[in-house]
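# Descriptive analysis of the structure
Take a look at the letters that make up each chain.
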Amino acid sequence: MQPADSHLTTLARGVAESMGFELVGVEFFQRGTGGATLRVYIDHERGITLDDCTAVSHQLSGVLDVEDPLPGQYDLEISSPGMDRPLVFPDHFERFAGSRVRVRLAEKLDGRRKLDGLLQGYEGGLVVLEVEGCRWEVPLGVIESARLVPES
């Protein structure tokens, strides 16, 4: 996911929020030999429809054409966050406290890169988790990805 202060995130947030949606996150990745993908996750309390994704795609495409923040060609995808919603911004970690999460770290912390546990919240720049009965305080900048674990 792109950091909260990245130019891509700022552009996507401006478009999504002006249309009444929450920006959940922005991913940009290269695909093998041909091109790249810019994926933008949006949400709304009533859920997300295909028409919502199409409308945001149309508006964001125009902004991206003018701003031109990415070199080369890429595919733009607008998506709902799904049941395994990504957690990116500090307010996500606060809002979903009490939920099961799966966290992948960019670097090892106490010998681990993967943490599965109960999200306790966000305190002073740290994501707080309970993993196997132990409290973990993880700096937000060390988190490569974090997602909710869907309840069965």
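Before reading further, recall that the structure is shown in the block above.
What you see is a predicted model; the values in this text were computed from it and never measured. Residue indices begin from 1 for each chain and proceed along its sequence in written order. Where local features are concerned, this predicted model is filtered to residues with pLDDT of at least 70; where side-chain atom pairs are given and counted, the filter is 80 or more; whole-chain, interface and lining totals use all residues. As a convention, hydrogens and water are excluded, and side-chain values are obtained from all of the structure's heavy atoms.

## Notes on the nonpolar core
The line we're drawing: The set of buried Ala, Val, Leu, Ile, Met, Phe, Trp, Tyr and Cys residues whose side-chain atoms join them within 4.5 Å is what this entry labels a nonpolar core. Here the term buried applies to any residue with accessible area under 20% of the maximum for its type, exposed to any over 50%, and partly exposed to those in between, with areas from a 1.4 Å probe on protein chains only. Each helix corresponds to a stretch of at least 4 residues labelled H or I by DSSP, and each strand to a stretch of at least 2 residues labelled E; elements are numbered beginning at the N terminus. Whether two residues are in contact is decided by their heavy atoms, any of which lying within 4.5 Å being enough.
With 19 residues, the main nonpolar core has L23, V26, L38, V40, I42, L60 and I78 as its most contacted residues. Residue assignment for this core shows that the elements contributing at least two residues are α1 (7–18), β1 (22–30), β2 (36–43) and α2 (50–67). The biggest single contributor to this core is α1, with five residues. Once you skip the residues sitting within four places of it in the chain, I42 turns out to touch A16, F21, E22, V24, I48, D52, V56, I78, S79, S80 and P81. Grouped together as the second largest cluster of nonpolar side chains are 17 residues, F96, V103, L115 and W136 included.

## Describing unusual backbone geometry
Most peptide bonds are trans, and most residues other than glycine sit at a negative phi. A positive phi angle, near 50°, is found at D110, a position not held by glycine. Here D110 shows up in the loop between β4 (100–109) and β5 (112–123). Its identity is not glycine, yet E132 carries a phi of approximately 50°, on the positive side. Given the relative accessible area of 67%, E132 is considered exposed.

## Description of the sheet that holds β4
The strands that make up a sheet pair up through hydrogen bonds in the backbone, lying either parallel or antiparallel. As a reminder, the rule being used: Two strands form a pair only when DSSP identifies at least two bridges running between them. Fitted lines through C-alpha atoms serve as axes, helices being fitted only where they are in contact, and the angles separating the N-to-C directions of these axes extend from 0 to 180 degrees.
Spatially, five strands are ordered β7-β6-β5-β4-β8 in an open sheet, and the strand pairing comes out antiparallel. Of all the strands in the sheet, just β7 (134–139) and β8 (143–148) have a single pairing partner and so form its edges. Direction aside, the axes of adjacent strands within the sheet are offset by 40° on average. Across five bridges, the pairing between β5 and strand β6 (residues 126–131) is antiparallel. Along β6, the bridge assignment pairs G121 with V128.

Read these as layout, nothing more, since geometry by itself doesn't imply function.
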